[in-house]
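# Tertiary structure, described
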Amino acid sequence: MPVDVEKIIQFIKQGDQDNVQTHLDDYNTENSQCFFFDVEERERRKQRELEEFRRNKVREYVPASDSDLDSDENEDPDLALRRRLAAALIWFIRMRLQPGVLRVCLQTLRIISRDRKALAPLITDNAILTLARLGGISALPTWPEEEEAEWGSSHSDITPENENETEDNNGSNTQHPACYREGDDSVCVSAACAQPLVSEGGLQVNPVNVTSNCNIGRETQNGHYEENVKKDGVCGLLTRGKRDAKGEKDEEGEEGYDDGEVWRKEAMKALCNIIYNSPKAQERASILRLLHGLSERLKDGIHSSSPPSGQFYELRLLFLLTALRPELRIELRQERGVSMLTAALEQSLEVRWGETHEVLTDLTAPPVCKEVTQRALEILKTLFNITYSVHRQEVDEEAGALYRHLAAVLHHCLLVPCEGEDGKEELQGHTVNVLSALPLQCLDVLLSVRLSEGSKESGGVNMDCVHTLLLFMEKKLDRGHKQKEKLAPVLNLLTESSKAHRETRHYLRQQILPPLREVEMRPEQGSTLRSKLVRLMTHVDTDIKHCAAELLFVLCKENVSRFVKYTGYGNAAGLLAARGLLNGRGPSPQPQYSSDSDSDTEEYRQAKDRINPVTGRVEEEQPDPMEGMTEEEKEAEALRLINMFNRLSRNKIIQPMGVTTAGELAPLCGQTRHSAVQEEEEEEQEEEDESETEQE
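Conventions we followed
- Residues numbered from 1 in each chain as written.
- Predicted model: local features only at pLDDT ≥ 70, side-chain atom pairs only at ≥ 80, totals over all residues.
- Heavy atoms only, no water.
- Helix = DSSP H or I, 4+ residues; strand = E, 2+ residues; numbered from the N terminus.
- Buried < 20%, exposed > 50% of the residue type's maximum accessible area, 1.4 Å probe, protein only.
- Areas by Shrake-Rupley, 256 points an atom, 1.4 Å probe, with all protein chains shown as cover.
- pLDDT = per-residue confidence, 0-100.
- Contact = heavy atoms within 4.5 Å.
- Core = buried A, V, L, I, M, F, W, Y, C linked by side-chain atoms within 4.5 Å.
- Salt bridge = Lys/Arg side-chain N within 4 Å of Asp/Glu carboxyl O.
- Axes fitted to C-alpha atoms, helices over the stretch in contact; angles between N-to-C directions.
- Left-handed = near helix turned anticlockwise from the far one by under 90°.
- Nonpolar A, V, L, I, M, F, W, Y, C, P; charged D, E, K, R; others polar.
- Lys, Arg positive; Asp, Glu negative; His and termini not counted.
- Phe/Tyr/Trp six-rings, centres within 6.5 Å; stacked < 30°, edge-to-face > 60°.
- Parallel < 35°, antiparallel > 145°, perpendicular 65-115°, else oblique.
- Expected span 1.5 Å × (residues − 1).
- Patch = residues over 30% accessible without salt bridge, like charges linked within 9 Å, V, L, I, M, F, W, Y side chains within 5 Å.
- Disulfide = S-S within 2.5 Å.

Of the regular secondary structure elements, the protein holds 28 helices and six strands. The proportion of buried residues among the 696 residues of the protein is 50%. Carbon and sulfur atoms make up 48% of the accessible area of the protein, which totals about 33400 Å².

Here's what the structure looks like:
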């Protein structure tokens, strides 16, 4: 039987905490799996219309689409009730309540906050500040008295019966008891309450209506992200209607957890939903300086001996604010947000430092648990949000030291073992996003780690980080899903690193472009890394195509003939045309490339003269199509082909192109003009001959 929401509102008016808790428990159980109230309402309306049709055998109005069912929100009684319930609860949780009652009220608000249409009572300054303080964020502005009065007057339908006892003459609430007193098991939150209501401890378990994955961004990740879509260079993953990736169980029956810790997390989850679902709430949060209060809260947690158990939702809220409000990214970066988040990442992963900019990674240590991984993911996504444009800027000595310190921690993130293969890949993916955003000159710390037993090396330099990036890239090549979001960052990172570091380029060339031996297969055929990357060079997505071609071109030291040798002229034509290198006389190699020669295998030298430069392989000998034809017949066939091309060109079906002396493509209009005129004269002569034949 559905819960009577109207009755719950009446109990709230009366201040009957026991009945409020009992009925809200039932309400939460009934709606715990519900994420889209409007969808359920549409289904209920359809069912009612169907039953009406069966009874009367007639239907007066058939909606043209589901959107017609939502055209008049005021006629939806359930939506109106949810709004009234939300307004009542926001008022109610500011009273002196039992911890269990407060917990169940916040759980209800978290459920209602999933419904975008019911958010009106939750996006006011009072509601946002109330939830923020209940979530432990203390550095926030106070409420003016006139705003308190407006709150009481505008929600008179939910004012309790003992209103006169709890308000002064100005209409503002004067009930400001301390939070949690000895011998007092009730809780109050008020404008004067500036300290966390409970101590840290326990684990959060109920899902929030936003999840992580960019890239947008990203887990991707920033700008405005839906399903890893990247906008404005910002990464993040904001997915509606999914359970939180933490996969935790319901807190309501969890033993060993402080009630205060539970409702503090419930308040943060509701706030995350509100910020995510409402642009108005995002604007108000920015004006109310919610970011500043959240930063202070995180700094307090960083200075503690271990990360607070509820820090995940604080980090989630920080990510949402920086993902959805561009000005907050700048504000957080200016308030030393990179340093703060780097310290939080070190604390979460329990980083141990060796020499300067060297993190000691023990690959034999137990894998990092999922909770720590999820916390690290939120930090990395926020770091990308505030650093995604740094690689285009000149950094001073102080900033350079900061980013080198961060790069060393990110090196640890790439190598650290994690529980579950998916968690490890996701951590590596967001780490790559942040690395690709940092200044290139600060990434030298990735190669400065000392060699140890089992390390990959090139020229005496540790290549463990580069090898991990290579394996990560290969996994994403094999998946073939959302390649632009997953592949582009790691391809760009490897390309830029290869340009800057000879050892990196040499190691990658050994792994991706080993000396040619298979000359009977096309470059894009097979399962090698070279084949997979060459296939991307003709990908429909131009960004992916360019990234793959650029990496191979750099590994060939930007030598055109070598590039064509490994990829085939047909695959290489796109990049060569874009760079004006189609004539093969490109610019000399860049200064950072070494002068070592490209050694050919014996198999390649033997087949070199028989390799088709367009396909990049030895082709089977084909019969000569002009064998047995006289010179006149050959000339006539050539003219016929030219005339066919000219006809297609005049009809704008194709446009013949040629390579200029500068190595760029240019239309062949001037070269084909004479043939086109001759063809037109021949066509006119044919038409005259046909007309004379008809007259005879």
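Next comes the rest of the description.
Looking at where C272 falls in the secondary structure, it is placed in helix α10 (residues 259-277). A relative accessible area of 0% means that C272 is categorised as buried.

Scored by pLDDT, the protein comes out at a mean of 77, with 71% of its residues at no less than 70. Overall, residues 64-74 carries pLDDT values under 50, and its contacts beyond four positions in sequence, including any with other chains, amount to 16 contacts. Counting contacts from residues 144-257, a segment whose pLDDT is below 50, to residues more than four positions away or on other chains yields 348 contacts.

With 151 residues, the main nonpolar core has L131, L290, L317, M473, I512 and L533 as its most contacted residues. Among the elements that line this core, the one with the most residues is helix α13 (residues 311-324), at 10 residues. Excluding residues that lie within four positions of it along the chain, I512 makes contacts with L470, M473, L529, R530, L533, L551, L552 and L555.

Under the criterion given, the structure shown has 30 salt bridges. When the shortest N-O distance is used, the salt bridge between R284 and D125 registers 2.8 Å. For D125, a relative accessible area of 15% gives the class buried. For the salt bridge of K269 with E266, the shortest nitrogen-to-oxygen distance reads 3.1 Å. Here K269 and its partner E266 are both found in helix α10, three residues apart, which amounts to about one turn of the helix. In this structure, K269 and E266 share a single accessibility class: buried. Three or more residues joined by partner-sharing salt bridges are found here, namely E261, R264, K265, R297 and E314.

With that settled, the discussion passes to the packing of helix α12 (residues 290-302) against α13. It is the contact of α12 with α13, at a shortest axis distance of 10 Å, that shows an interaxial angle of 145 degrees. Where α12 crosses over α13, the two elements pack in a sense that is left-handed. The segment α12 lies against α13, with L290, L291, L294, R297, L298 and G301 engaging Q311, E314, L315, L317, L318 and L321. The residue makeup of the contact of α12 with α13, split by class, is eight nonpolar, two polar and two charged.

Here the focus is the side chain of E346. For E346, the location among the structural elements is in helix α15 (residues 337-349). Despite its burial, E346 pairs with no opposite charge; the closest candidate is R336, at 11 Å N-O.

It is worth spelling out the packing of aromatic side chains at this point. Within this structure, the stated rule accounts for three aromatic pairs. Summarising the aromatic geometry, the rings of F384 and Y388 are spaced 6.4 Å apart at their centres and angled 40 degrees between planes, so their arrangement reads as tilted. A residue is classified by how much of its surface remains accessible, and F384, at 6% relative accessible area, is buried. Judged by its relative accessible area of 17%, Y388 is buried. Between the aromatic rings of F553 and F563, the centroid separation amounts to 5.0 Å while the plane-to-plane angle is 65 degrees, which identifies the pairing as edge-to-face. Of this pair, F553 sits in helix α23 (residues 542-555) while F563 sits in helix α24 (residues 560-567); the two residues are 10 residues apart in sequence, bridging distant segments of the chain.

Moving on, we get to the environment of M473. Looking at where M473 falls in the secondary structure, it is placed in helix α19 (residues 464-479). Spatially, the C-alpha atoms of M473 and A488 are 9.5 Å apart, while their sequence positions differ by 15 residues. Other than its neighbours up to four places away in sequence, M473 contacts L487, V490, L491, L494, I512, L529, L533 and L551.

Our next topic: the environment of G293. Tracing the sequence through the fold places G293 in helix α12. The exposure class of G293 is buried, given its relative accessible area of 1%.

The next subject is unusual backbone geometry. At E558, a residue that is not glycine, the phi angle is positive and equals roughly 60 degrees. A positive phi angle, close to 60 degrees, is found at K652, a residue other than glycine. In this structure, K652 sits in the loop between α27 (631-650) and β5 (657-659). Given the relative accessible area of 75%, K652 is considered exposed.

Looking now at the packing of α12 against helix α14 (residues 326-334). Two elements in contact, α12 and α14, have axes separated by 11 Å at closest approach and are oriented at 40 degrees. On the basis of the axis angle, α12 is oblique to α14. The two elements α12 and α14 cross, and the hand of that crossing is right-handed. Together, L291, H292 and S295 of α12 and L328, E331 and L332 of α14 make up the contact between the two elements.

What follows deals with α19. Between its first and last C-alpha atoms α19 spans 23 Å; for 16 residues at 1.5 Å apiece the expected length is 22 Å, and the two agree. When α19 is considered as a whole, its buried residues turn out to be D464, C465, V466, H467, T468, L469, L470, F472, M473, K476 and L477. G480 lies just past α19 and shows a positive phi near 70 degrees.

Attention now moves to a nonpolar patch on the surface. On the surface, L641, M644, F645, L648, I653 and I654 cluster together into a nonpolar patch covering about 520 Å² of accessible area. Along the chain, the position of F645 falls in helix α27. Look at F645 and you get partly exposed, because its relative accessible area is 48%.

Here we take up the state of the cysteines. One pass over the full model with this rule turns up zero disulfides. The thiol of C413 is not disulfide-bonded; the next cysteine sulfur, from C418, is found 8.5 Å away. A relative accessible area of 1% places C413 in the buried class.

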